[in-house]
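# Observations on the model geometry
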Amino acid sequence: MKAMVLNEICSLEDNRTPLNLVNLPDPVPRAKEILVKVSACGVCHTEIDEIEGRTPPPRLPVVLGHQVVGKVKDTGVNAGKFSLGDRVGVAWIFSACGNCNYCNVGKENLCEKFKATGRDANGGYAQYMTVSEDFVFNIPDVFSDSEAAPLLCAGAIGFRSLNLTNIKEGQSLGLTGFGASAHLVIKMATYKYKHIKIFVFARSEKEREFARELGATWAGDTEEKSPEKLDCIIDTTPAWKPVVEALRNLKSGGRLVINAIRKEERDKAYLLQLDYPEHLWLEKEIKSVANVARKDVSGFIQIAAEIPIKPEIQTFPLEEANTALMELKDRKIRGAKVLTID
Ligand SMILES: [Zn+2]
Ligand SMILES: [Zn+2]
């Protein structure tokens, strides 16, 4: 099969073609696994973190990609949940142990044996992948393959982030950073809660305009003070300045949820501006989001089909995965980037 593989960790400043097109043997499903013929795979910022070594794959080479949509092509021994031809999705959660204190209460995202698709196991930047039948999702008919792919990561983690804010009807929600995940959160939040106010902090006027179009009560720059203090804020940026500035805009007892797998080092010095009474005192909380559990993926797919949420997408053939990644890195973002694979 054709696959775009990562052979070594590198900086995208030095190497703008980190992935190589290779021919690999078609994977064979083991017991309880299915073989998926991939038709679409979303391109995520986390792939850049993997390539640059902030969350490095444990073994190389590896096939990246954790927003995978395709059809069941074959099933392994004792795999009986899906039939050949069924359309399925694979998300960031590739597997978990299934029997630890976290797995037993549906927090498999925190399992010590958590494996991520496209990092700890080969993912969807390829014609085929194998995966446990317990870790795949049905895709509602309302979505095309390419529309469904980007929902599997940004949407699921956005769903988890929104739940972790503990927001209640009538409260105020801040979003700092306004990329793929935040677009989906604003749609989910305005659908789920009819009387919440949403405040968006984004660097570019274009993003702020888009936020207002999507229903934000107010949109300002990252370091602006919101017109009122907020009950909760979700940070989806790779930087530190938005964290400090968000804390200042929180109410007493408010919660900041950081939805980022890694933060970059560039502006870490901004943390020195942290002023305890202004930013943290009065029982303000910070909570990070790690991975996704299966219920986040299925919960989001369900709400996305109800609303429905149709992401803006920009497609690239598999062979142009490097171009898609570099455009993401360079913030040339016109909708979610999706690789299409034949
Ligand atoms: Zn992702
Ligand atoms: Zn576990």
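Residues numbered from 1 in each chain as written. Chains lettered and ligands numbered in written order. Predicted model: local features only at pLDDT ≥ 70, side-chain atom pairs only at ≥ 80, totals over all residues.

## Some words on the overall build of the protein chain
This is how the line gets drawn: Segments assigned H or I by DSSP are reported as helices when at least four residues long, segments assigned E as strands when at least two residues long, and all are numbered from the N terminus. Radius of gyration: over C-alpha atoms. The globule rule applied is 2.2 Å multiplied by the number of residues raised to the 0.38 power. Two residues form a contact once the distance between their C-beta atoms, set from the backbone, is within 7 Å.
Along the protein chain, the regular secondary structure elements total 9 helices and 18 strands. On C-alpha atoms alone, the protein chain measures out to a radius of gyration of 20 Å, which is about the 20 Å that the 2.2 N^0.38 rule sets for 342 residues. If you take every contact in the protein chain between residues at least 6 apart in sequence, the share linking residues at least 24 apart comes to 73%.

## Focus on the nonpolar core
Basically, it comes down to this: Joined through C-beta atoms within 7 Å, a set of buried Ala, Val, Leu, Ile, Met, Phe, Trp, Tyr and Cys residues constitutes a nonpolar core. Buried means a residue has 20 or more other C-beta atoms within 10 Å of its own C-beta, exposed means 12 or fewer, and partly exposed covers the counts in between; C-beta atoms are placed from the backbone. The domain limits used here are those given by an automatic or database domain assignment.
Ranked by internal contacts, the top residues of the largest apolar core, which has 102 residues, are Val36, Ala91, Tyr125, Val200 and Leu339. Inspection of this core shows a minimum of three residues originating in each of domain 1 (2–153 + 292–340) and domain 2 (156–288). Dropping the residues within four chain positions of it, Tyr125 is found in contact with Ala3, Met4, Cys41, Val63, Leu64, Gly65, Leu318, Ala321 and Leu339.

## Things to note about the sheet that holds strand S13 (residues 218–220)
How we decide: Strand pairing is assigned whenever DSSP identifies at least 2 bridges connecting the two strands. In this description, a line fitted to the C-alpha atoms serves as the axis of each element, helices being fitted only across the stretch in contact, and the angle between N-to-C directions of two axes falls anywhere from 0 to 180 degrees.
Read from one edge to the other, the open sheet built from 6 strands follows the order S13-S12-S11-S14-S15-S16, with strand pairing classed as parallel. The sheet is open, and its two edges are formed by S13 and strand S16 (285–288), each paired on a single side. The sheet shows a mean angle of 20° between the axes of neighbouring strands, direction not considered. In this sheet, strand S15 (residues 250–258) lies alongside strand S14 (residues 230–235) in parallel orientation, the contact comprising 5 bridges. Within S15, the residue paired with Ile233 across the bridge is Leu256. Set on the sheet, helix H4 (residues 180–192) makes contact with strand S11 (172–176), strand S12 (197–201) and S14; between it and S11 the angle comes to about 165°. Strands in contact with helix H5 (residues 205–213) are S12 and S13; relative to S13, the strand with the most contacts, it is inclined by about 170°.

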